[in-house]
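# Observations on the three-dimensional arrangement
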Amino acid sequence: MKKLISLLLALVMVLSLAACGGDSKTPDSGSKTPAGNDSSGGTADSGKLEHMDISVGYWDVETALCGDDIQKFIEEKFNVTFEPMNVTWDDYYEKEQTWAATDSLPDVFCADFRASATFGKWAREGVIRSIPEDLSAYPNLSAYLDSPAAEGCKIDGDLYCIFRKTYQEQAETVKDRIILYRWDLAQKAGVTKEPETWDEFRDMIRKIMAADPEGKSIGGMTAPAMNYLVFPFCCYSMPGAVLEGIVFNWVDNGSGTYVPAYFGGKNLGDDALPTFQLLRDMYTEGTIDPDMAMATLAESNAKFLGGRAAALCTTDNQVKQHINDWPGTYGHDMNEDVKYLNLMPSVDGNTYYWAIDYAWSETMFSANVDDAKMERLLMIYDYLVSGEGALKGRFGNEGESYQIVDGKLEFIDNKAAVEVYPSCELFGNLVSWCPELPNGYVQPYVYPDWYEDWKTELTDLGRACEDVMPTFDRAYTQAFMNLNSDFRIKMGEDMLNIMVGDRPVEEMWNEILDNYKTDGLEDVIKAVNESAK
Amino acid sequence: MKTAAKKQAPPLSLDPRRRRAKIMNRLKNDWLLYLLLVPVLAWYLIFCYAPMGGLVLAFKDYSFKLGIWDSPWIGMGNFTKMFSDRYFLRGLKNTLVFGIGGILISMPCEIALALMLNELRLRGMKKFVQTTVTFPHFISWVVLAGILTNIFASTGAINQILRLFGMSAASPITSESGYRWFIWFSGIWKEVGWGSIIYLAAITSVEQDQYESASIDGASRLQQIWHITLPAIRSTICIMLILAVGSLLTNGRFDQIFNTYSSPVYPVADTIDTYIFRETFTTGIMNFGYSTAIGVLKSVVGLFMIVTTNKIVTSAGEQGLL
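Residues numbered from 1 in each chain as written. Chains lettered and ligands numbered in written order. Predicted model: local features only at pLDDT ≥ 70, side-chain atom pairs only at ≥ 80, totals over all residues.

### Considerations on the overall build of chain A
Each helix and strand counted, chain A has 23 helices and 15 strands in total. Computed over the C-alpha atoms, the radius of gyration of chain A is 26 Å, within 12% of the 24 Å expected from 2.2 N^0.38 for a compact globule of 533 residues. Dimensions of chain A, computed from C-alpha atoms along their principal axes, come out at roughly 75 × 70 × 60 Å. Every one of the 533 residues in chain A was classed for burial, and the buried ones make up 45%. Here the contacts in chain A between residues at least 6 apart in sequence split such that 78% fall between residues at least 24 apart. (Helix = DSSP H or I, 4+ residues; strand = E, 2+ residues; numbered from the N terminus. Rg over C-alpha atoms; globule rule 2.2 N^0.38 Å. Buried ≥ 20, exposed ≤ 12 C-beta atoms within 10 Å, placed from the backbone. Contact = placed C-beta atoms within 7 Å.)

Structure, rendered in structure tokens:
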């Protein structure tokens, strides 16, 4: 009996080991979509095209590629089968880099690497392939790429990715950060005027905290992470320095030498001091959350919704979340209690907004994609960015998920297209977050009118700043990227360190500057100026 | 005479045929036991020995395009770079500080807890205390980090108590002076129960006669602990010390630190592992050759430390590990 048990135990162990090692396919790479593998059927286009499998790395693509009619239509039209390689918002950064290291990248994938050293490294080392220079066969894509944003997609003059436009125009990037504040509590605390300067904002928050009208020990402004505060605070004294990583703006320091805008000023880094001082002052007095260093998305949302933070610096997407959650907690719409903060004037008296790259992410193509597959991918991209493709990919089928009423595009039963066709999540956003729609159609929305008004007002605020916004010579940014240097700017980290620090701001900033110099700041400035000139 | 000579010959001098037959005989008789060994050996081969081939990366400038084998050799370039990389040196220092501090603080706590648990006479109470102190070991650092962050937040329990006594709020999680103590003590809180198990097991093997004799001779409980229990478990303490010193550079605090640190405490919190992870996956700057070289260095230093500590322990008359 003992022997039998031992035999069984040994077999189980051996078999379990074999089972673990036997399946070399990852769950992501193995699964095929249930639909669309019919190379004979389909449109007239597909008849001429050889069938291909295309692997796609995209957020929650396994859910999106569920074999619905939109997926079938596109697969048949281009005679392809899409294979999902799933990533999530939590793991895409690590997962895609691991794929790259093991030569198993999907044919096409999305990420936000082009402001990091990874992008240059991948392009130069042949991990991703370049996009053909001649895109005349793809007029819609070619028109889409005819944008200043394309410059940031180039390495050594070649295009290595396709930017995914988040906004239609630069001024809309102002919506990338929205500061919400509790106007109802401010009024209860005796504030009668909406804040128009940082001083007034601080004063209002102080009053709310002192009065604590709801008795919840309300604190100052919070945010999901320090990086959220970078944009609005940069505009206080260094509006050009909003970009960090390796893709940042360069400015003339007054003597004809270009330096990264973050280090702008008479002496290197002088411009940054007022911003750091403002952050330190607000942190010290509590008008910025004392727990900012350990802030998380969930915690900051909970604090604001729960009445434990007087203000929240967040994004458009998160505001939408609050719009949904607010009535459940307070019994009425959020706009009855909350206002958004206007753009604040800077130290020089002008008002600036955060003119960030208005395509925060991009599509890249694996170096294993051959010319024939690249051609097919470009055809699909060209279609998805066309008027017809944008409608189909983003809104599904007319009469099923959307309709045109009096020349206006509307969702049927106010249901977003992804609820009817989950694959619209992929095809509607793969090339661009906001493709241009035909016939002047406007993206329908499912949020209250007042929020659409807020967004329009915010864009108008951005537009109003255009005359004073600094302009930049992209040649210097490009020259730096071509250096293939390890040097990079860590603005969020620096801001947080100085803000929570207990030594004088200037002393801490000088120490950080010294570290940048040790990392080669001065050599980089010299090399970029020589190269760009 | 002939037979006697045969008898005296050591087994290894058996002729190869007989030796092979003997081995086959053993395999045949105990094949079940050998079969049980297969998964363990396979595990070591697959996960410990096969990847060692990748160590060549430490001497190469890794290129995605060329892969591990075709990337160019750069000799000791990655190692030279390591010692001029101030962030690596900072990580090395912090790793050692966390490791040495951990040994100095955790080990005495684990031993003390084991001794105290051994002194508990009520069986139920002993089990309850042991379960309570061992339980945190099974909670992931991801979960614990969230709980601890909330406890030490400006409006968290600790700061509310501090304010109650008129003291100003403070958080060790974001303070350079408090962070290391936070790591050590939260580590003790989580692992002291688990760590004490091995000492408790060693204590239970001490012969009870010795305590009885000491008791008859009038030794107090404290004297019994000092003169009987501690010397009896000295060899276990030495082995645990050797193992702990050997893993100084890989002290397993990655999850704990990664989930609780932030840039203001990097100067005292950034270890080799967190530095490699951040540079590889967040900024994308680190070359895989360089990170492999750091891994090699960690292993070599770990081996050196194990051997050295083992030598010290054995020369002090204790039983070593090697």
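That shown, we press on.
### Here we look at the overall build of chain B
Within chain B, the regular secondary structure consists of 17 helices and 0 strands. On the principal axes, the C-alpha backbone points of chain B span a range of 95 × 75 × 40 Å. Buried residues in chain B amount to 27% of all 322 residues. Contacts in chain B between residues at least 24 apart in sequence constitute 69% of all its contacts with a sequence separation of at least 6.

### Re helix α5 (residues 69–78) of chain A
Burial of α5(A) is extensive: 8 of the 10 residues sit out of reach of the surface. Considered for burial, the residues of α5(A) that qualify are A:I70, A:Q71, A:F73, A:I74, A:E75, A:E76, A:K77 and A:F78.

### Regarding the sheet that holds strand β8 (residues 219–222) of chain A
Residue and element names in this part refer to chain A. In space, the 4 strands of this open sheet follow the order β8-β11-β7-β12, with mixed pairing throughout. Only two strands of the sheet have a single neighbouring strand rather than two, namely β8 and β12 (338–340). In this sheet, neighbouring strand axes are inclined to one another by 15° on average, regardless of whether the strands run parallel or antiparallel. Across 3 bridges, the pairing between strand β7 (residues 178–182) and β12 is antiparallel. (Pairing = 2+ DSSP bridges. Axes fitted to C-alpha atoms, helices over the stretch in contact; angles between N-to-C directions.)

### Some details on helix α22 (residues 505–518) of chain A
Residues and elements named next belong to chain A. When the terminal C-alpha atoms of α22 are compared, their 20 Å separation across 14 residues agrees well with the 20 Å that a helix rising 1.5 Å per residue should span. When α22 is considered as a whole, its buried residues turn out to be V505, W509 and Y516. End-on, the buried residues of α22 take up no more than an arc of 25°, which puts them together on one face. Away from its buried face by more than 90 degrees, α22 exposes E507, D514 and T518. Positive backbone phi, at 105°, marks G520, one or two positions downstream of α22. (Expected span 1.5 Å × (residues − 1). Arc of directions from axis to C-beta.)

### A short note on unusual backbone geometry
All names here are of chain A. Not every positive phi belongs to a glycine, and D60 is a case in point at roughly 55°. As for its position among the elements, D60 is in the loop between β1 (52–59) and α4 (61–64). A tally of 15 C-beta atoms within 10 Å means that D60 is categorised as partly exposed. Of note, the phi angle at D103 is positive, near 55°, even though the residue is not glycine. As for its position among the elements, D103 is in the loop between α6 (92–101) and β3 (108–111).

### Side note on the pairing of strand β11 (residues 309–314) of chain A
Residues and elements named next belong to chain A. Of all 6 residues in β11, 6 are buried; the element is thus mostly enclosed. As paired elements, β7 and β11 share 4 bridges and run antiparallel to each other. Bridge pairing in β11 places Y181 opposite A311. Examined bridge by bridge, β8 and β11 share 3 bridges and lie parallel to one another. The partner of M221 across the bridge, within β11, is A311.

### A word on the interface of chain B and chain A
If you look at the interface, chain B gives 23 residues, while chain A gives 33 residues. Where the side of chain B that touches chain A is concerned, the elements lending two or more residues are α3 (31–49) and α16 (272–283) of chain B. For the side of chain B that touches chain A, the leading source of residues is α3(B), giving 6 residues. A class-by-class count of the residues in the side of chain B that touches chain A yields 13 nonpolar, 9 polar and 1 charged. (Nonpolar A, V, L, I, M, F, W, Y, C, P; charged D, E, K, R; others polar.)

### Some details on the environment of B:R20
Residues and elements named next belong to chain B. Take R20: it is sitting in helix α2 (residues 16–29). According to the C-beta neighbour criterion, R20 is exposed, with 11 such atoms within 10 Å. On a C-alpha basis, the gap between R20 and D255 in space is 49 Å, while along the polypeptide they are 235 residues apart.

### Comments concerning the domain arrangement of chain A
All names here are of chain A. On domain assignment, one finds that chain A holds domain 1 (34–168 + 359–440) and domain 2 (173–356 + 462–532). Between the C-alpha centres of domain 1 and domain 2 the distance comes to 33 Å. The interface of domain 1 with domain 2 comprises 12 residues on the first partner and 12 residues on the second. The element contributing the most residues to the side of domain 1 that touches domain 2 is helix α7 (residues 117–124), with 3 residues. Each residue belonging to the side of domain 1 that touches domain 2 can be placed in one class, and the counts come to 5 nonpolar, 3 polar and 4 charged. (Domains from an automatic or database assignment.)

### Some remarks on the nonpolar core
All names here are of chain A. Counting residues in each nonpolar core, the largest one holds 167 residues, and the members touching the most others are L180, Y262, L279, A310, A311, L384 and M495. The element that contributes the greatest number of residues to this core is helix α11 (residues 226–237), accounting for 9 residues. Inspection of this core shows a minimum of three residues originating in each of domain 1 (34–168 + 359–440) and domain 2 (173–356 + 462–532). Discounting residues that sit within four places of it in the chain, Y262 has contacts with M238, A241, F248, A272, I489 and M491. (Core = buried A, V, L, I, M, F, W, Y, C linked by C-beta atoms within 7 Å.)

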